[in-house]
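One-letter residues, chain by chain:
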Amino acid sequence: MAIVVIGTVFVDIKGFPDDLYSPTGRNAGRVETVHGGVGRNVAEDIANVELRPVFLGTVDDTASGAEVLRKLQKHKVNTDYILTKPDGMGIWLAVFDNTGDLAGSISKRPRMDDLVPLLDEKGDEIFRDADSIVLEIDLDKEIVKRVFRYAEKYGKKVYAVVSNMTIAVQRRDFFQSIDCFVCNLQEAGILFVDDFSSMEPEELTEELYQRVLKARIPSMVVTLGSRGAVYASMDGTRGYHPPEPVKVRDTSGAGDAFCAGVAVGLTYGKTLPRAVEIGTRLAASVITISESTCPRFLPKELGLDIEVAD
């Protein structure tokens, strides 16, 4: 039994200025290359809570792709369903300002259409015994359709995260089947065609509750960066969770760790408020380091009564 994660693998190229960042100037600093991708990050974050997720995705047929596989296997992620193929990984080029916030980025998405025949052939064995499913909702529509088909067939809950919200809104017909959708404030604005940036967390909490009721999204969590997160579900549960006070080094990967924490909490019996608390803890641990995933935690540190797998 394990959480099944379906998503992308990226190579993240990240630049950090030594001093005040100038968008139009030449900025001296450092450049780091790390493994990324929303799905890959979420899978590794779950593994770093000493769980053993199954990851479905693609990697390049290059030394870089082989290194991604080695690292995932080292973290005890099940990589049996990762396909190796040309152009199987994306590239994310990002520049951060001197406070650690993202200043600008460009991404090249991977080709993942080969996952469709894999799901057709092995979907039953992948999803039959899954504890839950975490899905990048902006993947190819045929992939998304098959994932929800198996989720319905085997009664599995689906927790969704997003990489590109502009693509995700084209999957809006699936949102009523998502047990919990996690996104940031800007992405929520794209989904609901509105601007929530001027709202205080308390006001946004009530607004989000009304939005999920009207859109019939079972539950939703919106991260607010340095202001924490708000959450709401159709059953009336709603609230605000403040951030943990930590020194920010690099914010990339924080949203993925947050999603991993929420999914882990909901999968293993926690309420939505408690799951958001776990997500906040994992996100806070990521922004203090330059890696895109959280450091290791024992489940009991997060209040999870789960035995550590071998």
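Structural data are supplied above this passage.
Residues numbered from 1 in each chain as written. Predicted model: local features only at pLDDT ≥ 70, side-chain atom pairs only at ≥ 80, totals over all residues. Heavy atoms only, no water.

A. The arrangement of the nonpolar core in detail. Judged by nonpolar contacts, the single largest core of 51 residues is most densely connected at Ile-6, Ile-137, Phe-181 and Met-220. When neighbours within four sequence positions are excluded, Ile-137 is seen to be in contact with Val-144, Phe-148, Ala-160, Val-161, Val-162, Ala-168, Arg-171, Phe-174, Phe-175, Ile-178 and Phe-181. Judged by nonpolar contacts, the second largest core, of 49 residues, contains Val-9, Val-38, Val-264 and Ala-283. (Core = buried A, V, L, I, M, F, W, Y, C linked by side-chain atoms within 4.5 Å. Buried < 20%, exposed > 50% of the residue type's maximum accessible area, 1.4 Å probe, protein only. Contact = heavy atoms within 4.5 Å.)

B. Here's a closer look at the environment of Thr-267. The residue Thr-267 is located in helix α8 (residues 254-267) in this model. Residues Thr-267 and Lys-157, spaced 110 residues apart in sequence, show a C-alpha to C-alpha distance of 8.0 Å. Sequence-distant contacts of Thr-267, defined by excluding residues within four places in its chain, comprise Ile-3, Asp-131, Ser-132 and Tyr-159. (Helix = DSSP H or I, 4+ residues; strand = E, 2+ residues; numbered from the N terminus.)

C. Region of interest: the sheet that holds strand β7 (residues 102-108). Read from one edge to the other, the open sheet built from four strands follows the order β3-β2-β6-β7, with strand pairing classed as mixed. Sheet topology places β3 (29-36) and β7 at the edges, where each strand pairs with a single neighbour. When the angles between neighbouring strand axes are averaged without regard to direction, this sheet yields 15 degrees. By the bridge criterion, eight bridges tie strand β2 (residues 10-17) to β3 in an arrangement that is antiparallel. Its bridge partner being in β3, Pro-17 is matched across the sheet by Gly-29. (Pairing = 2+ DSSP bridges. Axes fitted to C-alpha atoms, helices over the stretch in contact; angles between N-to-C directions.)

D. Quick peek at the pattern of salt bridges. Enumeration according to the criterion identifies 18 salt bridges in this entry. With its nearest N and O atoms 2.8 Å apart, the salt bridge here joins Arg-30 to Glu-32. The exposure class assigned to Glu-32 is buried, which follows from its relative accessible area of 17%. The shortest N-O distance in the salt bridge between Arg-238 and Glu-206 comes to 3.0 Å. Here Arg-238 is found in strand β13 (residues 238-241), whereas its partner Glu-206 is found in helix α7 (residues 201-215), with 32 residues between them in sequence. Arg-238 sits in the partly exposed class, given a relative accessible area of 34%. Through salt bridges that share partners, Asp-120, Glu-142, Lys-145 and Arg-146 make up one connected network. (Salt bridge = Lys/Arg side-chain N within 4 Å of Asp/Glu carboxyl O.)

E. Here's a closer look at the packing of helix α1 (residues 38-47) against α8. Axis separation between α1 and α8 bottoms out at 8 Å; the angle between their running directions is 50 degrees. In terms of orientation, α1 and α8 fall into the oblique class. You can see that α1 and α8 cross each other, and the crossing is right-handed. Across the interface between the two elements, Val-38, Asn-41, Val-42, Asp-45 and Ile-46 of α1 pack against Asp-256, Ala-257, Ala-260 and Val-264 of α8. Grouping the amino acids of the contact of α1 with α8 by side-chain chemistry returns six nonpolar, one polar and two charged. (Parallel < 35°, antiparallel > 145°, perpendicular 65-115°, else oblique. Left-handed = near helix turned anticlockwise from the far one by under 90°. Nonpolar A, V, L, I, M, F, W, Y, C, P; charged D, E, K, R; others polar.)

F. Focus on the sheet that holds β13. Overall, mixed pairing links the nine strands, which are arranged β5-β4-β1-β8-β9-β10-β11-β12-β13 in an open sheet. At either end of the open sheet lies a strand with only one pairing partner, and these are β5 (78-84) and β13. The sheet shows a mean angle of 20 degrees between the axes of neighbouring strands, taken without regard to direction. One ladder, built from four bridges, connects strand β12 (residues 229-233) with β13; its direction is antiparallel. Its bridge partner lying in β13, Tyr-231 is registered against Gly-239.

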